[in-house]
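# Structure at a glance
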Amino acid sequence: MQESDFEGTLVLEKLAEIGKVEDFFDAIDSDDFGKAKSLMKRANVDAETILIVLKMMGEAEG
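Residues numbered from 1 in each chain as written. Predicted model: local features only at pLDDT ≥ 70, side-chain atom pairs only at ≥ 80, totals over all residues. Heavy atoms only, no water.

## Here we look at the overall build of the chain
Helix and strand counts for the chain stand at four helices and zero strands. Burial analysis of the chain (62 residues in total) assigns 26% to the buried set. Long-range pairs, those at least 24 residues apart, make up 58% of the contacts in the chain between residues at least 6 apart in sequence. When the accessible area of the chain is evaluated, it comes to approximately 4,000 Å², of which 49% is carbon and sulfur surface. (Helix = DSSP H or I, 4+ residues; strand = E, 2+ residues; numbered from the N terminus. Buried < 20%, exposed > 50% of the residue type's maximum accessible area, 1.4 Å probe, protein only. Contact = heavy atoms within 4.5 Å. Areas by Shrake-Rupley, 256 points an atom, 1.4 Å probe, with all protein chains shown as cover.)

## A few points about the packing of helix H2 (residues 21–29) against helix H3 (residues 33–42)
One way to put it is that H2 packs onto H3 with a least axis distance of 8 Å and a crossing angle of 155°. Here H2 lies roughly antiparallel to H3, going by the angle between them. Like other packed secondary-structure pairs, H2 and H3 cross with a definite hand, here left-handed. For the pair formed by H2 and H3, the contact residues are Asp23, Phe24 and Ala27 on the first element and Lys35, Ala36, Leu39 and Met40 on the second. Residues of the contact of H2 with H3, tallied by class, amount to five nonpolar, no polar and two charged. (Axes fitted to C-alpha atoms, helices over the stretch in contact; angles between N-to-C directions. Parallel < 35°, antiparallel > 145°, perpendicular 65-115°, else oblique. Left-handed = near helix turned anticlockwise from the far one by under 90°. Nonpolar A, V, L, I, M, F, W, Y, C, P; charged D, E, K, R; others polar.)

## Points about the nonpolar core
Counting residues in hydrophobic clusters, the biggest one holds 13 residues, and the most contacted among them are Val11, Leu15, Phe24, Met40, Val45 and Val53. For this core, the secondary structure elements donating two or more residues are helix H1 (8–17), H2, H3 and helix H4 (47–61). The dominant element in this core, judged by the number of residues it contributes, is H4, at four residues. Beyond its immediate stretch of four places on either side in the chain, Leu15 contacts Lys20, Val21, Phe24, Leu39, Met40 and Ala43. (Core = buried A, V, L, I, M, F, W, Y, C linked by side-chain atoms within 4.5 Å.)

Purely geometric stuff here, so don't read any function into it on its own.
In structure tokens:
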């Protein structure tokens, strides 16, 4: 998957399946990369997508 093809809705759908959307947004808001990564892993988000999300978090941070 290319970053330009990234569809965040799929990540949110997987997080919703485990009831962790709010926790994920809290992790993003507090720049808690470890928690965001852990939640995505628990939701069975693929590794490539996790890397894209973490990169986007880092870019938004600074």
